[in-house]
Amino acid sequence: MKAIRRFTVRPVLPEPLRPLSDLARNLRWSWHTETRELFQAADPEGWRPADADPVRLLGAVSATRLAELAGDQPFLRRLTEVSEDLREYLGGPRWYQNQLSQGAELPAAIAYFSPEFGVTAALPQYSGGLGILAGDHLKAASDLGVPLIGVGLLYRHGYFRQSLSRDGWQQEHYPVLDPNELPLTLLREADGTPSQVVLALPGGRSLYASVWQAQVGRVPLLLLDSDVEENAPGERDVTDRLYGGGSDHRLLQEMLLGIGGVRAVRTYCRLTGHAAPEVFHTNEGHAGFLGLERIRELSETGLDFDAALEVVRAGTVFTTHTPVPAGIDRFERQLVARHFGDDGELPGVGVERILRLGMETYPGGEPDLFNMAVMGLRLAQRANGVSTLHGAVSREMFSGLWPGFDPSEVPITSVTNGVHAPTWVAPEVLRLGAGTFGSERTENALAGAEVGRRTGADGAAGTPRRWDAVTAVADREIWDLRRGLREQLVTEVRKRLYASWRRRGAGTAELGWIDGVLDPDVLTIGFARRVPSYKRLTLMLHDRDRLRELLLHPTHPIQIVVAGKAHPADDGGKRLVQELVRFSDDPRVRHRIVFLPDYGMGMAQKLYPGCDVWLNNPLRPLEACGTSGMKAALNGCLNLSVRDGWWDEWYEPDFGWAIPTADGSATDEERRDELEANALYELIEDRVAPRFYDRNAQDLPERWIEMVRRTLITLGPKVLAGRMVREYVERLYAPAARSRRALDPKAAGELAAWKAKVRAAWPQVAVDHVEASADTVVGGSAELGSTLALRVRIALGGLDPEDVEVQVVAGRVDSGDAIAEAQTFPLKPAGGHDLEDRWLYEGPLALDRTGPYGYTVRVLPAHRLLASGAELGLVAVPNAATRDGGGVLLR
């Protein structure tokens, strides 16, 4: 029989145990070893059945056991110590507060919006890398004391749980999540009623959402939930599943996330006194509508749309995570238009003004589609990709928004992702570090909390001394640790594989072979991620006979652990999963290669430490970053990867291997896969496996251990989420806050009016004439160190010289006269304007490079409140009739 009503009965903790409730409700336990061990000690038998979730554990522990603990003095002392540690963590000054005390201009608060957050397996609100990155961002912000507020949606079914049919086909399950059984609290008004946000829908309908709060260390995470009584059935289902439903459903989710999320932040700050955010960070385009809500707020204060837009842009950071247009949400124009205006959200704001922010009205775009990433870029003065290579790919992909500029000048920078080490480093690794270097030193190193650390030119952290201390760890200690972690993985794999086969319908009598699956002394390779086609889950199967030889090699065998989920609507991805599963079911190799279903954070935290090599073979350059290899590296696992994402910028032969890519075969996918699969096999056979099995007299693989050591020393400080968050603070959040503060209503109005004036005048701005000193260039050549004196006449179309910057762009040229490695030099006004409103500009151009060399001249808008000269996407360059200096050959 089914119950007619469901509710949660909470345990009543004895008074001495009351601090357990606070510890369980703060998700710091998910990365704080001492807190997890305390809960495990509270009920050792119930810890694993509760999936290591303190909230579930406390809901199941018996009253008898609680009474025993209330009188257990050693346990109570541990409870007091852990509670005091949390209190100090939440209230004490950290890196951010130290920066403020030293005079840094930093935002009072930052709102961080993401469609998914992977904080802990106990709060399953993530599908893959985007959500895990968002969760790590919150945790690192908490460790550093950054005043962040996270904003997302609460999906009642999460993403999905994965199992396999008997023939290896992926099956999805959607268990219902009860917020009352999760580490969440309902945001309430002062009178105790639940706080709500409301969105207007077409036809006079409304979308209501309650706000749940998760506490991620020092950072509140607000999750909006549409499953409330005030909603009709269709609206209740808006937050049913992550990445589910059709276009209308997705649009409503993204309106709730962006517009409703801003309203939730305002409610939270009103109720708690938290500082109002000065900077809004949208993690991918899904939350882009937040900018429209902030424009609406400012319009209510008297600012017109254009002035409000400038204020919003100044305080917004947009991060793109996709390297392909197909990964971006795009909606039909009519669908978006129906939800705005006087019959929907933002009444009084013209629908056309809203649409123009997201329409693909640029060369190569589809003008009837509303693009969420395009809106994100147009509503943010600062944008970034998530690795150096991805930044370059993004500049190319979105270059249509900045016509006339080379892709290298598109104002999208990059901040390479990082991972939260305390979450992903195995407790055994932490204990080794604490025993060797001390607990506080190890904790600070893994949190990335070094103050005043040296930073390289690319923004990556230099190697702090505390990471160099890994050189003091003996080879034997490292190798024993690695084998112990491998042995734990073997045990975990056998448990999960047994459970998987039971769900596939196998009987106990059929599964005795599982006891021999994997070997703790065999080289172990891990591969786990989502299963879109570009990640090439089955590249390893390209030559199955060769793979079998590697798996069953008599002296240098390998074993492979694979996991991953295909999107429920992606039958192509499901076929890839089935192909891998069927190969791993083969009795000849099933003891050496396994596929584990239902990949998630809980599995990942066992998988990364136990592998010796982490495999990543995407189609380059389609991996934006690929943080799974970072998590593996922090546990001493070596990377074997295509040079894509983060591996492209940080790979060194000292600590891993790069799979060669067949870029010249990009148009022939089958040929490319063949070449890269063969390169993968050869690397494993000739270099990876021999090095692992090359032992000295003490049976230690010295060269392998040295690679592990170099991985920790060199990659360790670079791959940290703490490094990443510091970069966001210093390079994006702080400048955004300064720009926002500079735009009071008067300045915002003036900036909007100036931009309108410049856009109106720009068609008449032109480079009329360029001439260079004739005596420098003789016969098409000039000498290194000589200087060209340039004189340029510019038509400004009624603009003033202070409205523009005139630049020389110079550098080496190719056979088509395209300038590479360009440098820019400003020219200065040399006099007034003539009757035709042409202005004279002059300046020197030093010839400081040898070889084919050339230059051109351009005019850009200039204003003190612009983040870059490319911000408006306007540039004037010489036309074919303009006389110029051409290319010169320097000798």
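Source: prediction; values computed, not measured.

**Observations concerning the overall build of the chain**
- For the chain, the count of helices and strands is 30 helices and 28 strands.
- Judged by the C-alpha coordinates and their principal axes, the chain covers about 95 × 70 × 55 Å.
- Going through the 891 residues of the chain one by one, you find that 58% of them count as buried.
- Considering only intrachain contacts with a sequence separation of at least 6, the fraction spanning at least 24 residues in the chain is 73%.
- Across the chain, 102 positive and 120 negative side-chain charges occur, with their mean positions spaced 3 Å apart.

**Re the sheet that holds strand β18 (residues 613-616)**
- Across the sheet, 6 strands lie side by side as β17-β16-β15-β18-β19-β20; this open sheet has parallel pairing. Every interior strand has two partners, whereas the edge strands, β17 (593-596) and β20 (656-659), have only one. Between one strand axis and the next, the sheet turns by 20° as a mean value, whatever way the strands run.
- Two elements, strand β19 (residues 638-642) and β20, share 4 bridges in a ladder whose sense is parallel. Paired with Asn639 across the two strands is Gly656, which belongs to β20.
- In the packing of helix α23 (residues 571-584) onto the sheet, contacts are made with β16 (558-563) and β17, and the angle to β17 comes to roughly 135°.

**What about the packing of helix α10 (residues 247-272) against helix α11 (residues 290-299)?**
- Put simply, α10 and α11 touch, their axes get as near as 7 Å, and they point 55° apart. Between α10 and α11, the angle is such that the two are oblique. For the crossing formed where α10 meets α11, the hand is right-handed. Only Leu290, Glu293, Arg294, Arg296 and Glu297 of α11 make contact with α10, whose side of the interface consists of Gly258, Ile259, Val262, Arg263 and Arg266.
- Split into classes, the residues belonging to the contact of α10 with α11 amount to 3 nonpolar, 1 polar and 6 charged.

**Overview of the nonpolar core**
- Counting 108 residues, the largest nonpolar core has Leu523, Met540, Ile560, Leu640, Trp657 and Trp704 as the members making the most contacts within it.
- In terms of residue count, helix α27 (residues 669-693) provides more of this core than any other element does, 10 residues in total.
- The contacts of Leu640, once residues within four sequence positions are left out, are Val613, Trp614, Leu615, Asn616, Trp657, Ile659, Leu680, Leu683 and Ile684.
- Formed by 97 residues, the second largest nonpolar core is a distinct cluster that contains Leu303, Phe305, Phe370 and Val767.

**Section: the pairing of strand β3 (residues 161-164)**
- The sheet contact formed by β3 and strand β4 (residues 170-173) spans 4 bridges and is antiparallel. Residue pairing for β4: Leu164 is matched across the bridge by Gln170.
- Between the end of β3 and the start of β4, which pair antiparallel, lie 5 residues, with Gly168 showing a positive phi angle near 85°.

**As for the pairing of strand β15 (residues 523-528)**
- Among the 6 residues in β15, 6 count as buried, and that is most of the element.
- Of the two faces of β15, both are covered, the one formed by Leu523, Ile525 and Phe527 as well as the one formed by Thr524, Gly526 and Ala528.
- Two strands pair when backbone bridges link them, and β15 and β16 are joined in this way by 6 bridges, in the parallel orientation. Each residue of the ladder has a partner; that of Gly526, found in β16, is Val561.
- Assessed by its sense of winding, the connection that carries the chain from β15 through helix α22 (residues 544-551) to β16 is right-handed.
- Relative to β18, β15 is paired through 2 bridges, and the arrangement is parallel. What sits directly across from Ile525, in β18, is Val613.

**Section: the pattern of salt bridges**
- Tallying each qualifying case throughout the model produces 65 salt bridges.
- For the salt bridge of Arg236 with Asp227, the shortest nitrogen-to-oxygen distance reads 2.8 Å.
- In this structure Arg236 comes out as partly exposed when scored by relative accessible area, which is 29%.
- For Glu727, the salt bridge goes to Arg731, with nearest N and O atoms at 2.8 Å. Of this pair, Glu727 and Arg731 are both found in helix α29 (residues 721-742), 4 residues apart, which corresponds to roughly one turn of the helix.

**Considerations on the packing of helix α8 (residues 129-144) against α29**
- Closest axis-to-axis distance for the α8/α29 pair is 8 Å, and the angle between their directions is 80°. One finds that α8 runs roughly perpendicular with respect to α29. Each of Leu133, Asp136, His137, Ala140, Ala141 and Leu144 in α8 lies in contact with α29, whose residues at this interface are Ala721, Gly722, Met724, Val725, Arg726, Tyr728 and Tyr733.
- Of the residues assigned to the contact of α8 with α29, the class counts are 9 nonpolar, 2 polar and 2 charged.

**So, the side chain of Ser739**
- Tracing the sequence through the fold places Ser739 in helix α29.
- Residue class for Ser739 comes out buried when judged on its relative accessible area of 14%.
- If we ignore the near neighbours within four places in the chain, the residues touching Ser739 are Ala314, Gln381 and Arg382.

**Here we look at the packing of aromatic side chains**
- Under the defined criterion, the tally for this structure stands at 19 aromatic pairs.
- Judged by centre distance (4.7 Å) and plane angle (45°), the ring pair of Tyr159 and Phe160 falls under tilted.
- Taken together, a centroid distance of 4.9 Å and an interplanar angle of 80° make the contact between Phe692 and Tyr693 edge-to-face.
- Among the aromatic residues, those joined into a cluster by ring pairs are Trp479, Trp657, Phe692, Tyr693 and Trp704.
- One Lys or Arg, Lys565, reaches over the ring of Phe160 and ends 4.9 Å from the middle of that ring.

**A short note on α27**
- For α27, built from 25 residues, the straight-helix expectation of 36 Å at 1.5 Å per residue is met to within 8% by its first-to-last C-alpha distance of 34 Å.
- Along α27, the sharpest kink reaches roughly 40°, centred on Ile684.
- Of the residues making up α27, those classed as buried are Arg672, Glu676, Ala677, Ala679, Leu680, Tyr681, Leu683, Ile684, Val688, Ala689, Phe692 and Tyr693.

**Some remarks on the confidence of the model for the chain**
- The predicted model of the chain has a mean per-residue pLDDT of 91, with 93% of residues at 70 or higher.
- For residues 451-463, every residue scores under 50 in pLDDT, and the model assigns this stretch 25 contacts once sequence neighbours within four places are set aside.

**Here's the deal with helix α12 (residues 305-314)**
- By the criterion of burial, α12 is predominantly enclosed, with 9 of the 10 residues buried.
- Taken together, the buried positions of α12 are occupied by Phe305, Ala307, Ala308, Leu309, Glu310, Val311, Val312, Arg313 and Ala314.

**A few points about the environment of Ala337**
- With respect to the helices and strands, the residue Ala337 is situated in helix α13 (residues 333-338).
- On the basis of relative accessibility, which here comes to 22%, the residue Ala337 falls in the partly exposed class.
- C-alpha separation for the pair Ala337 and Phe405, spaced 68 residues apart in sequence, amounts to 31 Å.

**Focus on the environment of Ser786**
- By the element assignment, Ser786 lies in the loop between β22 (781-782) and β23 (787-795).
- Separated by 2.6 Å, the side chain of Ser786 and the backbone oxygen of Glu783 make a polar contact.

**Details of unusual backbone geometry**
- The step from Arg620 to Pro621 runs through a cis peptide bond, and the omega angle for that step is 5°.
- Here Pro621 lies in the loop between β18 and α25 (628-633).
- You will see that Leu518, though not glycine, has its phi angle at about 65°, which is positive.
- Note on placement: Leu518 falls in the loop between α21 (475-503) and β15.
- What makes Leu518 buried here is its relative accessible area of 4%.
- Despite not being glycine, Arg536 has its phi angle at roughly 55°, a positive value.

Rules used throughout
- Residues numbered from 1 in each chain as written.
- Predicted model: local features only at pLDDT ≥ 70, side-chain atom pairs only at ≥ 80, totals over all residues.
- Heavy atoms only, no water.
- Helix = DSSP H or I, 4+ residues; strand = E, 2+ residues; numbered from the N terminus.
- Buried < 20%, exposed > 50% of the residue type's maximum accessible area, 1.4 Å probe, protein only.
- Contact = heavy atoms within 4.5 Å.
- Lys, Arg positive; Asp, Glu negative; His and termini not counted.
- Charge placed at Lys NZ, Arg CZ, Asp CG, Glu CD.
- Pairing = 2+ DSSP bridges.
- Axes fitted to C-alpha atoms, helices over the stretch in contact; angles between N-to-C directions.
- Parallel < 35°, antiparallel > 145°, perpendicular 65-115°, else oblique.
- Left-handed = near helix turned anticlockwise from the far one by under 90°.
- Nonpolar A, V, L, I, M, F, W, Y, C, P; charged D, E, K, R; others polar.
- Core = buried A, V, L, I, M, F, W, Y, C linked by side-chain atoms within 4.5 Å.
- Right-handed = clockwise from strand over helix to strand, strands pointing away.
- Salt bridge = Lys/Arg side-chain N within 4 Å of Asp/Glu carboxyl O.
- Phe/Tyr/Trp six-rings, centres within 6.5 Å; stacked < 30°, edge-to-face > 60°.
- Lys NZ or Arg CZ within 6 Å of the ring centre and 35° of its normal.
- Expected span 1.5 Å × (residues − 1).
- Bend = angle between axes of the 7 residues up to and from the residue.
- pLDDT = per-residue confidence, 0-100.
- Polar contact = N/O pair within 3.5 Å; in protein donor to acceptor, adjacent residues only side chain to side chain.

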